[in-house]
2 protein chains.
Amino acid sequence: MAYDLWYWPTIPGRGEFVRLALEAAGIDYRDRAREEGAAALVADLEERTARAPFAPPYLALEGLVIAQVANILMFLGERHGLGPSSMADRLWLNEVQLTISDLVAEVHNVHHPVGVGAYYDEQKPEAARAAAPFREERLPKFLHWFEKAVTCHPGDWLIDGRWTYGDTSLFQLVEGLRYMFPKRMATLEPDYPGVIRVHDMVAGLPGVRAYRNSDRAIPFNEDGIFRHYPELDAA
Amino acid sequence: MAYDLWYWPTIPGRGEFVRLALEAAGIDYRDRAREEGAAALVADLEERTARAPFAPPYLALEGLVIAQVANILMFLGERHGLGPSSMADRLWLNEVQLTISDLVAEVHNVHHPVGVGAYYDEQKPEAARAAAPFREERLPKFLHWFEKAVTCHPGDWLIDGRWTYGDTSLFQLVEGLRYMFPKRMATLEPDYPGVIRVHDMVAGLPGVRAYRNSDRAIPFNEDGIFRHYPELDAA
């Protein structure tokens, strides 16, 4: 039986971390709001009573509803073997995913520093101020940590000798950062060859390749998490 | 054998969510940086190679190092019975904890909207701008969701008929919000009786009572996550 994935239908956003893991693993799912529109997502969220998610993305199957990206991925990891089996490894993978979530939240804060519900145009000077320390301090700090995470084990993947949901998430992180900060990433990338290697290997997974060549994949745009505002980028 | 907890020794901060669960359950731990100082924490973090945490808090025991608050709590929950046993309930509890983490990140962003590494004094106008929609829109939205989370099951606690780490975390959330936004919380609290009930029941747990009466508990202050800047509060 196919999962129902509910997420905003016009952006990659946080939902893309879930879509990528599902697509890479060939797990059957329906991207409900892409079929039925954003209004159907809002209606579904409002109709849910017990354990309704705070926000999309969420995954539903047979009465079980799971929200929060790291939580969804941990579930998929355990149920479909997209994660390691030992407790120590599962905790570590969750830790990496949660650190990716932290970076994603900081990325969103760069273009929305003083008002989550307001437009970027209403906070451009503040966004410019927030972008500078993000590019210069936070981004290298995070990338340095992900590089250490990737290279502290033998093998090419993040963990184990095979891909896990942590690898597909690192792929999406690099994709998003390249879209949002092309100049800065061009400067930084040579310092993080392990992260880029994982990115490239994920791009070569048959399920990911097929997905990215399909019309299911939504290009980055200026309504999502990773937005390209040239004035926020610099080498 | 006692856990080593590593966190900044002068603030409750994110570490407090871990300290509270440990104290409520009577689990033996050493708050290492409180014994040895912040320099010892920095040194410990630098000495770690494989799987070094991105940031404190982290918990160490016999070679296992676990970081990220929700990850630490999930581990403690499973190992010490501070969480439910069914998979659906464990995922739900993790989802609640991750939503608490999201709110904590937004709270920090209120007083540091344009520079995580800069001082509050360097971003006061931006903080004032960020505080208004946080108080008026985001805070009630989160509290409304936590109220639904608490009241969608029978029983007084968040889940099951006994406390879990989700309850101690909700307690700390209410404590922090009351410290940071006393006027706003006085206005909002009557709408969220279930959340306040959980807070009060956690305050009455013997382990929590003993901890809060001890010199181990660190008062909120303006170096932590929850900071009382009167200019950011309003009814």
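How each quantity is defined
Residues numbered from 1 in each chain as written. Chains lettered and ligands numbered in written order. Predicted model: local features only at pLDDT ≥ 70, side-chain atom pairs only at ≥ 80, totals over all residues. Heavy atoms only, no water. UniProt positions renumbered as here; feature names shortened; annotations may be inferred. Helix = DSSP H or I, 4+ residues; strand = E, 2+ residues; numbered from the N terminus. Buried < 20%, exposed > 50% of the residue type's maximum accessible area, 1.4 Å probe, protein only. Pairing = 2+ DSSP bridges. Least-squares fit on C-alpha atoms with pLDDT ≥ 70 in both. Contact = heavy atoms within 4.5 Å. Phe/Tyr/Trp six-rings, centres within 6.5 Å; stacked < 30°, edge-to-face > 60°. Lys NZ or Arg CZ within 6 Å of the ring centre and 35° of its normal. Buried area = accessible area lost by both parts, 1.4 Å probe. Salt bridge = Lys/Arg side-chain N within 4 Å of Asp/Glu carboxyl O. Polar contact = N/O pair within 3.5 Å; in protein donor to acceptor, adjacent residues only side chain to side chain. Axes fitted to C-alpha atoms, helices over the stretch in contact; angles between N-to-C directions. Core = buried A, V, L, I, M, F, W, Y, C linked by side-chain atoms within 4.5 Å. Expected span 1.5 Å × (residues − 1). Bend = angle between axes of the 7 residues up to and from the residue. Domains from an automatic or database assignment. Parallel < 35°, antiparallel > 145°, perpendicular 65-115°, else oblique. Left-handed = near helix turned anticlockwise from the far one by under 90°. Nonpolar A, V, L, I, M, F, W, Y, C, P; charged D, E, K, R; others polar.

As annotated in an unreviewed UniProt entry, chain A is Glutathione S-transferase from Sphingomonas rubra.

J.: Before we go on, may I ask you to explain the UniProt feature "domain: GST C-terminal" (unreviewed entry) in chain A in this structure?
T.: When the UniProt feature table is mapped onto this chain, "domain: GST C-terminal" (unreviewed entry) is found at residues 86-232 of chain A. Secondary structure across residues 86-232 of chain A divides into 64% helix and 0% strand, with the first and last C-alpha atoms of the span separated by 42 Å.

J.: Looking at this structure, how should I read the pairing of strand β1 (residues 3-6) of chain A?
T.: Every regular strand shows the same layout, with side chains that alternate between the two sheet faces. All names here are of chain A. Covered by surrounding structure in β1 are Tyr 3 and Leu 5 together with Asp 4 and Trp 6, the residues of both alternating faces. Pairing geometry for β1 and strand β2 (residues 29-31), over 3 bridges, is parallel. For Tyr 3, the partnering residue across the bridge sits in β2 and is Tyr 29. Bridging between β1 and strand β3 (residues 58-61) involves 3 bridges; their strand directions are antiparallel. Within β3, the residue paired with Asp 4 across the bridge is Ala 60.

J.: How should the relation of the copies chain B and chain A be read in this particular structure?
T.: Between the two copies of the chain lies a relationship made up of a rotation around an axis and a movement along it. Taken as rigid bodies, chain B and chain A are interconverted by a rotation of 180° and an axial shift of 0.0 Å, the fit giving an RMSD of 0.0 Å. The transformation just described matches what one would write down for a two-fold rotation axis. When each C-alpha of chain B is compared by its distance to the rotation axis, Pro113(B) comes out closest, at 2.6 Å. In this assembly the copies share their binding face: 100% of the residues contributing to the interface of chain B also contribute to that of chain A.

J.: So what exactly am I meant to see when it comes to the packing of aromatic side chains here?
T.: A ring pair, where both rings are aromatic, is described by two values, the distance of the centres and the angle of the planes. Under the definition given, this model contains 22 aromatic pairs over all chains. Three or more aromatic residues joined by ring pairs make a cluster, and in this case those are Phe54(A), Trp92(B), Phe142(B), Trp145(B) and Phe146(B). Over the face of the ring belonging to Phe54(B) we find Lys141(A), whose NZ or CZ atom lies 5.2 Å from the ring centre.

J.: I would appreciate a short explanation of the interface of chain B and chain A in the present structure.
T.: Often, the extent of an interface is quoted as the loss of accessible area on bringing the components together. Each partner contributes to the interface: chain B provides 44 residues, whereas chain A provides 44 residues. Summed over both sides, the interface of chain B with chain A buries roughly 4,000 Å², with 57% coming from carbon and sulfur. When the buried area of chain B at its contact with chain A is split by residue, Arg51(B), Phe54(B) and Arg129(B) rank highest and sum to 22% of it. Connecting chain B to chain A are 4 salt bridges. A salt bridge links Arg129(B) to Glu126(A); the shortest N-O distance between them is 2.8 Å. In this structure, the connection of chain B to chain A is made through 23 residue pairs in polar contact (both at pLDDT 80 or more). Breaking the side of chain B that touches chain A down by element, the ones donating at least two residues are β4 (64-67), α4 (69-80), α5 (87-111) and α6 (124-151) of chain B.

J.: Honestly, the sheet that holds strand β4 (residues 64-67) of chain A in this entry has me stumped. Any pointers?
T.: Strand pairing in a sheet is mediated by backbone hydrogen bonds. Such pairs are either parallel or antiparallel. Residue and element names in this part refer to chain A. One open sheet holds the 4 strands; their spatial order is β2-β1-β3-β4, and the pairing between them is mixed. The open sheet has two free edges, formed respectively by β2 and β4, since each of these has just one partner strand. The sheet shows a mean angle of 20° between the axes of neighbouring strands, taken without regard to direction. Taken together, the 4 bridges between β3 and β4 define a ladder with antiparallel strand orientation. Across the sheet, the residue bridging to Tyr 58 is Ala 67, located in β4.

J.: What am I meant to see in the nonpolar core here?
T.: In summary, soluble globular proteins display a tendency toward joint burial of nonpolar side chains. Counting 140 residues, the largest nonpolar core has Phe146(A), Leu177(A), Phe146(B) and Leu177(B) as the members making the most contacts within it. If we skip the residues at most four places from it in the chain, Leu177(A) touches Leu103(A), Val107(A), Leu139(A), Leu143(A), Pro182(A), Met185(A) and Phe226(A).

J.: Just checking my understanding: could you explain the UniProt feature "domain: GST N-terminal" (unreviewed entry) in chain A for this structure?
T.: Taking the numbering used here, the UniProt-annotated feature "domain: GST N-terminal" (unreviewed entry) corresponds to residues 1-84 of chain A. End C-alpha to end C-alpha, residues 1-84 of chain A measures 24 Å, and it is 45% helix and 18% strand.

J.: Explain the environment of Ala88(B) here, please?
T.: If you trace the backbone, Ala88(B) turns up in helix α5. Take Ala88(B): its relative accessible area is 28%, and that puts it in the partly exposed class. Every residue in contact with Ala88(B), bar those within four places of it in the chain, is listed here: Arg51(A) and Leu64(A).

J.: Explain helix α6 (residues 124-151) of chain A here, please?
T.: Each α-helix turn comprises 3.6 residues. Residues three or four places apart therefore point the same way. The end-to-end C-alpha distance of α6(A), which contains 28 residues, comes to 38 Å, matching closely the 40 Å that a straight helix rising 1.5 Å per residue would cover. The sharpest bend along α6(A) measures roughly 45° and falls at Phe134(A).

J.: Sorry, what's going on with the domain arrangement of chain A here?
T.: Residues and elements named next belong to chain A. The domains assigned to chain A are domain 1 (3-80) and domain 2 (87-215). Using only C-alpha atoms to locate each centre, domain 1 and domain 2 end up separated by 21 Å. Contact residues are listed per partner, giving 18 residues for domain 1 and 19 residues for domain 2. Ranking the residues of domain 1 by area buried against domain 2 places Phe 17, Leu 20 and Ala 24 at the top, with a combined share of 36%. Linking domain 1 with domain 2 are 1 salt bridge, by the criterion used here.

J.: Would you mind going over the packing of helix α1 (residues 15-25) of chain A against helix α7 (residues 165-180) of chain A with me for this structure?
T.: Each pair of packed helices gets described by two things: the angle between the helix axes and the distance between those axes. Residue and element names in this part refer to chain A. Their axes nearest at 9 Å, the elements α1 and α7 cross at an angle of 130°. When the interaxial angle is binned, α1 and α7 end up oblique. Of the two elements, α1 crosses α7, and the hand of that crossing is right-handed. Along the contact surface, α1 presents Glu 16, Phe 17, Leu 20, Ala 21 and Ala 24, while α7 presents Tyr 165, Thr 168, Ser 169, Phe 171, Gln 172 and Leu 173. The class makeup of the residues in the contact of α1 with α7 is 7 nonpolar, 3 polar and 1 charged.

J.: When you look at the side chain of Asn109(A) in this model, what are you seeing that I'm missing?
T.: Structurally, Asn109(A) can be placed in helix α5 (residues 87-111). If near-sequence neighbours (up to four positions away) are discounted, Asn109(A) is found in contact with Asn109(B) and Pro113(B).

J.: I tried to follow the environment of Phe226(A) on my own but got confused; where do I start?
T.: Residue and element names in this part refer to chain A. You can see Phe 226 is positioned in the segment after α10 (206-212). Given the relative accessible area of 3%, Phe 226 is considered buried. Between the alpha carbons of Phe 226 and Ile 159 there is a distance of 26 Å; along the sequence they are 67 residues apart. Among residues more than four places away in sequence, those in contact with Phe 226 are Val 104, Val 107, Gln 172, Leu 173, Gly 176, Leu 177, Tyr 179, Met 180, Phe 220 and Asn 221.

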